[in-house]
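Structure at a glance
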Amino acid sequence: MLDDLLIARALHVLAVVHWIGGVGFVTLVVLPLASSRPAVEALKLFEWVERRFAAQVRVSIPLAGAAGLWMTYRMDVWERFLDPHFWWMAAMAALWAVFMTMVFVVEPVFHRELDAFARKDPAGALRRVIRAHVVLLALAALTVLGAVAGSHGFYF
Ligand code: HEM
């Protein structure tokens, strides 16, 4: 029978697939393709793709967080955030907070400053964009592995 916990889990995973899958696509397909062009053009292509994706993850990231918090509340497992056996719960919340800050604070608030930096040093800006995406994708992959294994009892 369908219950709210099951629906929350399904929505959580759907939102995570959309969001982290998109980060993977940008990191592993768009950025390598863009890097074969001069830095100014590469950044333009990246921004073009990222703007469209950002509009979508402004839905999927909050949805993933809301469904995750709902599950935490319904299962009453808040103490997990402090338990090392449940490191993946803290990893999920931390990763979510990083992306929420980037999408809802850093990008809209510092848009002009980021643009100015990219115009001044396009090659440096491109390098930073690539490095940030690779690091975040690696952390996200580790979190997904930890969360699926952990929520099915791997660490006990
Ligand atoms: C505020 C942020 C988040 C909260 C509160 C949260 C909470 C939860 C909870 C309570 C569960 C169920 C655990 C269990 O069944 O024992 C879960 C599962 C899961 N979460 Fe999160 N989560 C958050 C963000 C994320 C992020 C950022 C990712 C991916 C990078 C993620 C990926 C997953 C995955 C893959 C599962 C396992 C689903 C399954 O196999 O059943 N979550 N999350």
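Residues numbered from 1 in each chain as written. Predicted model: local features only at pLDDT ≥ 70, side-chain atom pairs only at ≥ 80, totals over all residues. Heavy atoms only, no water.

1. Quick notes on the overall build of the protein chain
Scanning the protein chain from N- to C-terminus turns up five helices and zero strands. Shown N-terminal to C-terminal, the secondary structure of the protein chain runs as helices and strands in the order α-α-α-α-α. In terms of overall dimensions, the protein chain has C-alpha extents of about 55 × 25 × 25 Å along its principal axes. Taken across its 156 residues, the protein chain has 33% of its residues classed as buried. Restricting the contact set of the protein chain to residue pairs at least 6 apart, pairs at least 24 apart contribute 79%. Approximately 10000 Å² of the protein chain is accessible, and the part contributed by carbon and sulfur atoms is 72%. Positive and negative charge centroids in the protein chain, built from 14 and 12 side chains respectively, lie 9 Å apart. (Helix = DSSP H or I, 4+ residues; strand = E, 2+ residues; numbered from the N terminus. Buried < 20%, exposed > 50% of the residue type's maximum accessible area, 1.4 Å probe, protein only. Contact = heavy atoms within 4.5 Å. Areas by Shrake-Rupley, 256 points an atom, 1.4 Å probe, with all protein chains shown as cover. Lys, Arg positive; Asp, Glu negative; His and termini not counted. Charge placed at Lys NZ, Arg CZ, Asp CG, Glu CD.)

2. Some thoughts on the site of the ligand
Looking at the ligand, there are 23 residues lining it, with Arg-9, His-12, Arg-80, Met-92 and His-152 nearest. Here Arg-80 contributes a side-chain N or O atom positioned 2.9 Å from an oxygen atom of the ligand. With six residues, helix H3 (residues 87–109) is the largest single contributor of residues to the shell around the ligand. Among the residues forming the shell around the ligand, the class breakdown is 15 nonpolar, six polar and two charged. (Near = heavy atom within 4 Å. Polar contact = N/O pair within 3.5 Å; in protein donor to acceptor, adjacent residues only side chain to side chain. Nonpolar A, V, L, I, M, F, W, Y, C, P; charged D, E, K, R; others polar.)

3. A look at the coordination of the iron atom of the ligand
Each angle at a metal carrying four tetrahedral donors should ideally be 109.5 degrees, and each at a metal carrying six octahedral donors should ideally be 90 or 180 degrees. Looking at the iron atom of the ligand, one finds its protein donor set to be His-12 (NE2) and Met-92 (SD), positioned 2.1 to 2.2 Å from the metal centre. One can describe the donor arrangement at the iron atom of the ligand as octahedral, given that its six donor atoms subtend angles of 82 to 180° at the metal. Remark: Met-92 occurs in helix H3 and His-12 occurs in helix H1 (residues 4–34); sequence separation between them is 80 residues. Looking at His-12, the relative accessible area reads 15%, which means it is buried. Here Met-92 falls in the partly exposed class, since its relative accessible area comes to 23%. (Donors = N, O, S within 2.8 Å, 3.2 Å for Na, K, Ca; no water. Tetrahedral: all angles 85-135°; square planar, octahedral: opposite > 155°, others 65-115°.)

So far we have only geometry, and geometry alone does not tell us how the molecule works.
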